[in-house]
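Take a look at the letters that make up each chain.
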Amino acid sequence: MELLMSEPADFPAPTEGFVVTHFLVVSDQDRSRRWYEKVLGAQTVLERDPVYMKVANSWIILNVGGGPTDDKPDVVLAVPDGASPVSAFLNIRVADIAKVYKEWTAAGATFLTEPKDHGGEIRAYVRDPDGHLIEVGQSTGVIDRL
């Protein structure tokens, strides 16, 4: 395993406290890594097994699925199964959703719909190459739920 960035801050291994990362099970690490680099501008820190990526002020880990292990004996990791129920997704907040929609579409992202205005936010959803759902939203400054 070779780190692609030289600064210790470029790898999610805190010396105190903790860092939150989002782990995604993918079928092809290289394809997913390229998609996250091209569409989200992610920086790859570790190329594979697993892939570590810095995305804005967060981290994504991409790895293949697999069966149970001694520390998760009843858990099987698998890519999403089509349009089945979703229990978790990435939520990305942006300053200008119209700009992001245009840029990410040009970079190869396929949104489920164009951005929709829901009062307090404008949002749209995109799926990565394995079908992981990503919500992209922009606050409109309307706060009617607080």
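## Overview of the layout of surface pockets
There is about 400 Å³ of room inside the largest pocket. Here the element with the most residues in the lining of the largest pocket is strand S1 (residues 21-25); it accounts for four residues. Considering only residue class, the lining of the largest pocket consists of 13 nonpolar, six polar and two charged. Its boundaries defined by the atoms lining it, the second largest pocket holds a volume of some 290 Å³.

## Details of the environment of Ile61
Here Ile61 lies in strand S4 (residues 58-63). Judged by relative accessible area, which is 9%, Ile61 ranks as buried. A sequence separation of 16 residues divides Ile61 from Val45, and the C-alpha atoms of the two residues are 10.0 Å apart. Here Ile61 is in contact with Thr21, His22, Phe23, Leu24, Pro50, Val51 and Tyr52, once residues within four sequence places are set aside.

What counts, and where the lines are drawn
- Residues numbered from 1 in each chain as written.
- Predicted model: local features only at pLDDT ≥ 70, side-chain atom pairs only at ≥ 80, totals over all residues.
- Heavy atoms only, no water.
- 1 Å grid on protein atoms, 1.4 Å probe; cavity = no way out; pocket = protein on both sides within 12 Å on 5 of 7 lines; lining within 4 Å.
- Points joined across faces, edges and corners; volume = space filled by probe spheres on them.
- Helix = DSSP H or I, 4+ residues; strand = E, 2+ residues; numbered from the N terminus.
- Nonpolar A, V, L, I, M, F, W, Y, C, P; charged D, E, K, R; others polar.
- Buried < 20%, exposed > 50% of the residue type's maximum accessible area, 1.4 Å probe, protein only.
- Contact = heavy atoms within 4.5 Å.

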